[in-house]
Every structure is written in C-alpha cells, then in structure tokens.
Amino acid sequence: MAGLDKAKAITATAHKLARLIYTMLTKGTEYVDKGQDDFDERYRQRLLHHLTVRTRKLGFNLTPVITETV
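Residues numbered from 1 in each chain as written. Predicted model: local features only at pLDDT ≥ 70, side-chain atom pairs only at ≥ 80, totals over all residues. Heavy atoms only, no water.

The gaps of empty space that remain are located by a probe, the size of a water molecule, rolled over the atoms. Quantified by volume, the largest pocket comes out at close to 360 Å³. In this structure, the largest pocket is lined by 15 residues; those nearest its centre are Lys16, Leu20, Tyr31, Asp33 and Arg42. For the lining of the largest pocket, the secondary-structure elements that each account for two or more residues are helix 1 (6-27) and helix 2 (35-57). Looking at the lining of the largest pocket element by element, the count peaks at 5 residues for helix 2. Here the residues of the lining of the largest pocket sort into 6 nonpolar, 3 polar and 6 charged. (1 Å grid on protein atoms, 1.4 Å probe; cavity = no way out; pocket = protein on both sides within 12 Å on 5 of 7 lines; lining within 4 Å. Points joined across faces, edges and corners; volume = space filled by probe spheres on them. Helix = DSSP H or I, 4+ residues; strand = E, 2+ residues; numbered from the N terminus. Nonpolar A, V, L, I, M, F, W, Y, C, P; charged D, E, K, R; others polar.)

This part takes up the pattern of salt bridges. In this structure the tally under the stated criterion is 2 salt bridges. Salt-bridge contacts for Arg42 lead to Asp38; the nearest nitrogen and oxygen are separated by 3.2 Å. Residue Arg42 and its partner Asp38 are both found in helix 2; the two are separated by 4 residues, about one turn of the helix. Residue class for Asp38 comes out partly exposed when judged on its relative accessible area of 27%. Glu41 serves as the salt-bridge partner of Arg44, at 4.0 Å between the closest nitrogen and oxygen. Taken as a pair, Arg44 and Glu41 lie in helix 2 at a separation of 3 residues, close to a single helical turn. Taking the relative accessible area as the measure of exposure, Glu41 reaches 39% and is therefore partly exposed. (Salt bridge = Lys/Arg side-chain N within 4 Å of Asp/Glu carboxyl O. Buried < 20%, exposed > 50% of the residue type's maximum accessible area, 1.4 Å probe, protein only.)

This is the structure in structure tokens:
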C-alpha cells in the first residue's frame, strides 16, 4: 500500500478490515495478533524468495552465510 495515493490506501485498508471481519463472523474465529516478530519473519522470507528468483534470472545462485551470534 506504500506506493498508492491516499484515497487508494484508505480503500485498500478498509477492504482488508472488511475481509478480516467477514472471516471472523462467518467462521466464528477470534482475531489473533501475531505480533511484529511474525511480520518481520514473513517479510524476510518474502524478500529472500524474491531475491532468489531475481538472481536465478540473472544467472546467479544465492548461497546462505551462517553467522554466529554471541
């Protein structure tokens, strides 16, 4: 939603909330906030996937580097 103008961003957010509420009402589930850590991990996985696809298209292969944290 970051690239949209103000009106489109508001509409997109309203649609997202409407879908969330509809799902909660029809399936009888409660909203569970997964928190910032879950969002960060999903963002990291999405970024890694897109980088992998992009590098393969350019003829390269990504190799993970394991770093030890102290």
